[in-house]
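Breakdown of the fold
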Amino acid sequence: MPIPQLSESDLKLLGRYDTPTICNVIEVFKVRPQTSGYMDGRIRACFPELPPMVGYASTATFRSAAAPRAGADYAGLEQQVEEFANLPQPAVVVIQDLDSPPVAATFGEVMTTIYKGFGSAGLITSGAARDLEQVGALGFPCFSDGVICSHGYPQLLDLGVSVNVGGITIHPGDLLHGDANGVTTIPHEIASDAAHACEEFAAAEQVVLDYIKAGNVTPGGLNEARGECVRMIKALGDRVRANMSTTA
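Residues numbered from 1 in each chain as written. Predicted model: local features only at pLDDT ≥ 70, side-chain atom pairs only at ≥ 80, totals over all residues. Heavy atoms only, no water.

What to know about the overall build of the protein
- A tally of regular secondary structure across the protein gives seven helices and 12 strands.
- Its C-alpha atoms give the protein principal-axis dimensions of roughly 70 × 40 × 30 Å.
- Per-residue burial for the protein yields a buried fraction of 44% across its 248 residues.
- Looking at the protein as shown, the accessible area adds up to about 12,200 Å², and 54% of this sits on carbon and sulfur atoms.
- Here the protein contributes 16 positively and 28 negatively charged side chains, and the mean placements of these two sets differ by 6 Å. (Helix = DSSP H or I, 4+ residues; strand = E, 2+ residues; numbered from the N terminus. Buried < 20%, exposed > 50% of the residue type's maximum accessible area, 1.4 Å probe, protein only. Areas by Shrake-Rupley, 256 points an atom, 1.4 Å probe, with all protein chains shown as cover. Lys, Arg positive; Asp, Glu negative; His and termini not counted. Charge placed at Lys NZ, Arg CZ, Asp CG, Glu CD.)

Take a look at the structure:
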C-alpha cells in the first residue's frame, strides 16, 4: 500500500507547533492509547534549540562493536540515501543500534552532512551521537541516547525494515514529529486533520494561560477558565471524530 504524502502546506503547518501540542491533538482523535506512539525518555534532542522536525522514517539497523566480515565502514550508506526517493519527502533517518549498550557513535559530521545534502529533515537513533559542535552548526535535528566520542566499527545492516527506537516500533514511511521535548509518530489517517486542529487546540489552552496572566486570579475564576478550555477541546474532539466517521 502506498504511503500517504501530506501536502507541503500541511507539513509546514505541523512544523509550526511543538511536539507536546502534536501529542495533545492526536489524543482528541482517540485513534490510539494516550501512552503509545511516542518515544520514551532515552531519546533526547541533541540540539533542543532547533525548530520542530517533521518527516517520514527511512529506517536502518546498525552495529559497531566488531569489525565486519566484509565491506567498508558504513557500507550501504549510498543505497540508504538512494532509497529516500522511494519514500514521501522529506526523509527522517531512524537507526536502531543493535549493540546494547551502544559501544560507539552511530553518526557524526560526515553522515549528517550527507543526509542533509540528500534532503533529509533529521536523524533519530537508539545509539549515540558525536561531533556535536560540527553537526550543530549544520542546523540538522538529531536525537540520540547519548554521546560517544568514537565510531568503532560502524556498519549499516538492514535498510527499510521495522526498527525499535525509544520503546516503540517505527516502520518505513511513518510520519514523525520531534523537538526539544522528544519524538512522536503521527498516524497517517489523521495527519492532515491533526495539522489543522493544532491552532484550535492551542487557542483552548490559551484561555487558561490568559486568565492567569491577567492577574487578580481566584479559584472560581480558574475553574471557569479551565471549564471553557475543556469545553473547547471536547467540541474539537467531537467534530474531528465525526469527520473521521463520515470519511471512513
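Still more ground to cover, so stick around.
Describing unusual backbone geometry
- The omega angle of the peptide bond from Gln89 to Pro90 is 5°, so this bond is cis rather than trans.
- Along the polypeptide, Pro90 turns up in the loop between helix 3 (77–82) and strand 3 (91–97).
- Cis geometry marks the peptide bond from Ser100 to Pro101; its omega dihedral reads 0°.
- Locating Pro101 in the fold gives a position in the loop between strand 3 and strand 4 (105–107).
- The phi angle at Lys30 is positive, at roughly 55°, despite the residue not being glycine.
- Position of Lys30 among the secondary structure elements: in the loop between helix 2 (19–29) and strand 1 (44–45).
- A relative accessible area of 58% places Lys30 in the exposed class.
- Even without a glycine there, the phi angle at Asp131 is positive, about 55°.

Section: the side chain of Thr21
- Within the secondary structure, Thr21 is located in helix 2.
- Look at Thr21 and you get buried, because its relative accessible area is 11%.
- A polar contact of 2.8 Å, which involves the side chain of Thr21, links it to the side chain of Asp18. (Polar contact = N/O pair within 3.5 Å; in protein donor to acceptor, adjacent residues only side chain to side chain.)

Observations concerning the pairing of strand 2 (residues 53–63)
- In terms of residue burial, strand 2 counts as a mostly covered element, since 10 of its 11 residues are buried.
- Note that strand 2 and strand 11 (residues 175–179) share four bridges and pair antiparallel. The residue of strand 11 that forms the bridge with Val54 is His177.
- For strand 2 and strand 3, the ladder comprises seven bridges, and the chain directions are parallel. The partner of Thr59 across the bridge, within strand 3, is Val94.
- When strand 2 meets strand 8 (residues 155–159), the two strands line up antiparallel, connected through three bridges. Among the inter-strand pairings, Phe62 is bridged to a residue of strand 8, identified as Leu156. (Pairing = 2+ DSSP bridges.)

Quick notes on the pattern of salt bridges
- Within this structure, the stated rule accounts for eight salt bridges.
- Between Asp145 and Arg44 there is a salt bridge, with the nearest N and O atoms lying 3.6 Å from each other. With Asp145 in the loop between strand 7 (142–144) and strand 8 and Arg44 in strand 1, this pair connects stretches of sequence that are 101 residues apart.
- Its salt-bridge partner being Lys234, residue Asp238 comes within 2.9 Å of it at the nearest N-O pair. Residue Asp238 and its partner Lys234 are located together in helix 7 (residues 219–247), separated by four residues, close to a single helical turn.
- Residue classification places Lys234 among the exposed residues on the basis of a relative accessible area of 53%.
- Each of the salt bridges in this network shares a partner with another, and the network as a whole consists of Lys234, Asp238 and Arg241. (Salt bridge = Lys/Arg side-chain N within 4 Å of Asp/Glu carboxyl O.)

Focus on the environment of Phe107
- The residue Phe107 is located in strand 4 in this model.
- For Phe107, the residues in contact, after removing those within four places along its chain, are Cys46, Thr112, Leu123, Thr125, Ala128, Ala129, Arg130, Val135, Cys142 and Ser144. (Contact = heavy atoms within 4.5 Å.)

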